[in-house]
Amino acid sequence: MNQDLARQFLFDMSLARAFEQASAQQYSEGKIGGFLHLYPGEEAVAVGVLRAADPGDYVVSTYREHVHALVRGIPAREVMAELFGRSTGCSGGYGGSMHLFDIGRRFLGGYAIVGETFPVAIGAGYWLRMREQSEAVVCFFGDGAANQGTFHESLNMAALWELPVLFVCENNRYQIGTEIHRHSALTEVHRRACAYGMDAERVDGMDVVAVYEATDAALRHVHAGNGPYLLECETYRYRGHSMADSGAYRPEAELAEERGRDPVSGFRDRALKQGWLDERQASQIESEADAAVQDAVQFADASPAPDDLQANVYSNPLDLYKGRP
Amino acid sequence: MSPRQHNDQAGRIAPAQAREELMVWEALNIALDREMDADDSVFLLGEDVGLYGGSYRVSQGLLAKYGEWRVRDTPISEGSFTGLGVGAALVGGRPIIEIMTVNFSLLALDALVNMAAKLRYMSGGQLRVPLVARMPGGVAHQLAAQHSQRLEQMLMNVPGLRVVAPGTPQDSYWHMRQAVRTDDPIVILEHELLYFHKGPFDPDAKPPPMHSAAIRRHGTQATVIAWHRMVEVALEAAERLAADGIEIEVIDLRSLRPIDLPTLQASVRRTGCALVVEEDVRFAGAGAEIAAALGERCFGDLNQPVRRLGAADAPTPYEAGLESASIPDLTAVVNAVRMMLGS
Ligand SMILES: Cc1ncc(C[n+]2csc(CCOP(=O)(O)OP(=O)(O)O)c2C)c(N)n1
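What counts, and at which threshold
- Residues numbered from 1 in each chain as written.
- Chains lettered and ligands numbered in written order.
- Predicted model: local features only at pLDDT ≥ 70, side-chain atom pairs only at ≥ 80, totals over all residues.
- Heavy atoms only, no water.
- Helix = DSSP H or I, 4+ residues; strand = E, 2+ residues; numbered from the N terminus.
- Rg over C-alpha atoms; globule rule 2.2 N^0.38 Å.
- Buried < 20%, exposed > 50% of the residue type's maximum accessible area, 1.4 Å probe, protein only.
- Areas by Shrake-Rupley, 256 points an atom, 1.4 Å probe, with all protein chains shown as cover.
- Lys, Arg positive; Asp, Glu negative; His and termini not counted.
- Charge placed at Lys NZ, Arg CZ, Asp CG, Glu CD.
- Pairing = 2+ DSSP bridges.
- Right-handed = clockwise from strand over helix to strand, strands pointing away.
- Core = buried A, V, L, I, M, F, W, Y, C linked by side-chain atoms within 4.5 Å.
- Near = heavy atom within 4 Å.
- Polar contact = N/O pair within 3.5 Å; in protein donor to acceptor, adjacent residues only side chain to side chain.
- Nonpolar A, V, L, I, M, F, W, Y, C, P; charged D, E, K, R; others polar.
- Axes fitted to C-alpha atoms, helices over the stretch in contact; angles between N-to-C directions.
- Phe/Tyr/Trp six-rings, centres within 6.5 Å; stacked < 30°, edge-to-face > 60°.
- Expected span 1.5 Å × (residues − 1).
- Arc of directions from axis to C-beta.
- Contact = heavy atoms within 4.5 Å.
- Buried area = accessible area lost by both parts, 1.4 Å probe.
- Salt bridge = Lys/Arg side-chain N within 4 Å of Asp/Glu carboxyl O.
- pLDDT = per-residue confidence, 0-100.
- 1 Å grid on protein atoms, 1.4 Å probe; cavity = no way out; pocket = protein on both sides within 12 Å on 5 of 7 lines; lining within 4 Å.
- Points joined across faces, edges and corners; volume = space filled by probe spheres on them.

**Things to note about the overall build of chain A**
The helix and strand inventory of chain A stands at 11 helices and eight strands. Computed over C-alpha atoms, the radius of gyration of chain A comes to 20 Å, within 12% of the 20 Å expected from 2.2 N^0.38 for 325 residues, which places it in the range of a compact globule. Projected onto the principal axes, the alpha-carbon positions of chain A cover approximately 65 × 50 × 40 Å. Residues counted as buried form 57% of the 325 residues belonging to chain A. For chain A, the exposed area adds up to about 12,700 Å²; of that, 45% sits on carbon and sulfur atoms. With 29 positive and 46 negative side-chain charges, chain A shows a spacing of 2 Å between the two charge centroids.

This is the structure we're talking about:
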């Protein structure tokens, strides 16, 4: 650990926390529509994993991807504008919360069907391997997704062809309201990798430094051409699954205990104690993050809506169906 | 092996230009070979496409020429290898996936419908998905209900996908080559009974646009719209009717999404009467879309409603007699035209 990294971690996690709080607020004011899946509690995973990844690596994510997008470097303005459905959003307002994309930053989205991320990731990995390129693909997924057929199909192919893919399980122990003991015969997701002869490891997903170090090692394995790797991060989400879910199925004591090992304040305390940052620096970083989020909300609010309903359906529209007969 | 050649059964090579007539599978094989030779981002994957050469021989010889990274035998994992194609397409590849038969495409629909067809749109135009999905189908040789489907209507209903249905060697070749070069996901429906049909073939003739329909026979009294094997049936019916002095126009649709409505409209304007003949189930089928579109666009030119012949509202039976009774045949087309013309 060094000061720069500590600064980065604290900024990323503070931005993430503030962004999600603002999203919830804007959602309740009706500025954001659709489904909104928030990330508080899981910040250490996105930050640890994506700060260890190279800018050239591809990232494939799910519908709970705001923070993945932010840490990947998509400006908060563009992410918030997308949530607002504005043309300045990173998907032009056509994607929304669940479909953030930024091809320039190699952020391949944004998939709302559980299990879709695996084939997309091995496809990008296949291409990289076929072209003998050195980049890797980082594929995020939840514990619930590990029961989808594509998980097994894709892990098989990834291992069979030694594709450069790092599968990152964000195991928050819940699939909406179904707790992992009720949805999985084997609750230690990383152990499933052994069925495909894939190397795997479990890490404390509430500890950003541990996630960063584990990812760094895992990606070194992948980049060196040793095939795929599965990293299971044990984490927790504080909110319900989406804005429609209060999360009432979880015992109060469980929630309190998890909040007790909060990744953001936990890292802050540690950074102060270790001398990576001082109090003034930490507060400064946090207010920068808050300001970025406030600016993003204003930017989104002031941005125009997209106006072409049929833009980008095809690359070369034939217009045979446009307009009235 | 050099390009501009195709493989005979033993994997040896015969130059394409040496033959005027070719089978559909051979035309597809040459098209794949030429595209793979021209662009090294084109690659093929599917079950048994490599060493085995493809269930209908379409990819024969390609593994030996291009190696296993570009001609990849996959596990039986339709959902994921189709999605693999999508992922590779997003980052620069031009994958061609073979789904062994259209029946198994149902396992791949998530990748085709929710991913391939949507990603350009949902990303605000950032992503492109140059994916070709080939799938043989149709009623063929008593394969029974799980292996005798058409499913065109399921794929036609999806904005963002294109669907073509080439029936001749020349069209198969053109469609394949154009599909590979297009930045959108395209489904190529192939017909299992047509792979071994011969037809004229000129690899260097200039192709018409992918979506354009072809008038296979000119006529004045009725327009019969068909695709794939039903074109043959319609052409036979036209011969039979011509013997009685009835001249029908036979249109091979060639593309099911988009549909070349201008060509259909122009024909209907001349004949005043249209019949759609489809091998897929008639209920809510492609014919329903065509009939409705023509009704909206050329009501004034039609002297009666557009009629449709299609498969029975039942899964395809195994027994041979019932199987052939389940889809339109020569007699059905002849009778339908006679009835429409009141003769
Ligand atoms: C194929 C599919 N089935 C069901 C759903 C509805 N759904 C959305 S999220 C979700 C739970 C997923 O849980 P998990 O993979 O653990 O991810 P988490 O939300 O915990 O991050 C479900 C069932 C879906 N989107 N896609």
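From this point, the discussion proceeds with the structure in view.
**Some thoughts on the pairing of strand β15 (residues 274-281) of chain B**
All names here are of chain B. Counted residue by residue, β15 has seven buried out of eight residues, so it is predominantly covered. Here strand β12 (residues 222-226) pairs with β15 via three bridges, running parallel. Each residue of the ladder has a partner; that of V224, found in β15, is L275. Across four bridges, β15 lies against strand β16 (residues 307-311) in parallel orientation. Along β16, the bridge assignment pairs V276 with R308. In this view, the connection linking β15 to its parallel neighbour β16 by way of helix α10 (residues 286-297) has right-handed handedness.

**Notes on the nonpolar core**
Formed by 90 residues in total, the largest nonpolar core has its most connected members in F141 and F167 of chain A together with L90, L119 and L294 of chain B. The dominant element in this core, judged by the number of residues it contributes, is helix α5 (residues 117-130) of chain A, at nine residues. Counting 67 residues, the second largest nonpolar core, distinct from the first, contains L70, L100, V138 and V222 of chain A.

**Focus on the site of the ligand**
Residues and elements named next belong to chain A. As a matter of local geometry, the ligand sits amid 15 residues, with Y63, R64, G144, N172 and Y174 nearest to it. Within the side chain of N172, a nitrogen or oxygen atom sits 2.8 Å from an oxygen atom of the ligand. Here an oxygen atom of the ligand and a side-chain polar atom of H241 are 3.4 Å apart. Protein coverage of the free-state accessible area of the ligand, which is 590 Å², stands at 74%. A breakdown of the residues in the shell around the ligand according to their chemical character gives seven nonpolar, six polar and two charged.

**Focus: the sheet that holds strand β4 (residues 42-46) of chain B**
Residues and elements named next belong to chain B. With respect to topology, seven strands assemble into an open sheet ordered β5-β4-β6-β7-β9-β8-β14, the strand pairing being mixed. Each edge of the open sheet carries a strand with a single partner, namely β5 (71-73) and β14 (255-257). Direction aside, the axes of adjacent strands within the sheet are offset by 20° on average. Examined bridge by bridge, strand β6 (residues 94-98) and strand β7 (residues 132-137) share three bridges and lie parallel to one another. The residue of β7 that forms the bridge with I96 is V132.

**Some remarks on the packing of aromatic side chains**
For any pair of aromatic rings, the description consists of the separation of the ring centres together with the inter-plane angle of the planes. All names here are of chain A. Under the criterion given, the structure shown has 16 aromatic pairs over all chains. Aromatic pair F118 and F167: ring centres 6.4 Å apart, planes at 45°, arrangement tilted. One end of the pair, F118, is in helix α5; the other, F167, is in strand β4 (residues 165-171), and 49 residues separate them in sequence. By relative accessible area, which is 0% here, F118 ends up buried. An aromatic cluster is defined as three or more aromatic residues linked by ring pairs; in this entry it consists of F9, Y212, F267 and W276.

**A closer look at helix α10 (residues 263-274) of chain A**
All names here are of chain A. Helix length check: α10 (12 residues) gives 16 Å between terminal C-alpha atoms against 16 Å at 1.5 Å per residue, within 8%. Turning to α10, its buried residues number three or more, namely P263, V264, F267, R268 and A271. Down the axis of α10, the smallest arc covering the buried residues is 130°, so these residues share one side. Tucked into the core, α10 has its buried residues touching α1 (3-28), α2 (43-52), α8 (208-223) and α11 (279-302). Remark: G275 follows α10 within two positions and exhibits a positive phi of approximately 80°.

**What about the interface of chain A and chain B?**
Taken together, the contact between chain A and chain B spans 42 residues of the former and 53 residues of the latter. Of the roughly 4,100 Å² buried between chain A and chain B on both sides combined, carbon and sulfur atoms contribute 65%. Viewed at the interface, chain B and chain A are joined by one salt bridge. Elements represented by at least two residues in the side of chain A that touches chain B include exactly α5 and α6 (149-160) of chain A. Broken down by element, the side of chain A that touches chain B gets its largest block of residues, nine residues, from α5 of chain A. In terms of residue class, the side of chain A that touches chain B is made up of 27 nonpolar, 10 polar and five charged.

**A look at the confidence of the model for chain B**
Residue and element names in this part refer to chain B. The pLDDT averaged across chain B works out to 93; a share of 94% of its residues lies at or above 70. Across residues 1-14, confidence stays below pLDDT 50; counting only partners more than four residues off in sequence or on other chains, it has 42 contacts. Listed scores for the predicted complex are pTM 0.93 and ipTM 0.90.

**Observations concerning empty space enclosed by the protein**
Residues and elements named next belong to chain B. Counted under the stated rule, the structure contains four cavities of 30 Å³ or more. Of the volumes computed, that of the largest cavity is approximately 110 Å³. Along the wall of the largest cavity there are 16 residues; nearest its centre are G138, R150, E152, H191 and H228. Of the residues belonging to the lining of the largest cavity, the class tally is six nonpolar, four polar and six charged.

**Some points on unusual backbone geometry**
Backbone geometry follows two general trends: most residues other than glycine have a negative phi, and most peptide bonds adopt the trans configuration. Note that the residue after G109 of chain A, namely G110 of chain A, is joined by a cis bond; omega there is 10°. Tracing the backbone through its elements, the reader meets G110 of chain A in strand β2 (residues 107-110). Here the residue pair R257 of chain B and P258 of chain B is connected by a cis peptide bond, since its omega of 0° sits within 30 degrees of zero. Summarising the element assignment, P258 of chain B is placed in the loop between β14 and α9 (261-271).

**Some remarks on the pattern of salt bridges**
Residue and element names in this part refer to chain A. Applying the stated criterion to the full structure yields 40 salt bridges over all chains. Here R105 ties to D102 by a salt bridge, and the two come within 2.6 Å at their closest N and O atoms. For R105, a relative accessible area of 32% translates into the label partly exposed. Here E254 ties to R173 by a salt bridge, and the two come within 3.9 Å at their closest N and O atoms. Residue E254 is located in helix α9 (residues 252-259), and its partner R173 is located in the loop between β4 and β5 (174-175); the two are separated by 81 residues in the primary sequence. We classify E254 as buried; its relative accessible area is 16%. One continuous salt-bridge network, built from bridges that share partners, spans R173, D204, E254, E258 and R261.

**A word on the side chain of R217 of chain B**
Residues and elements named next belong to chain B. By secondary structure assignment, the location of R217 is in strand β11 (residues 214-217). Given a relative accessible area of 19%, R217 falls into the buried group. For R217, the contacting residues outside a window of four places in its chain are L235, A238, E239, A242, E247, I248, E249 and V250.

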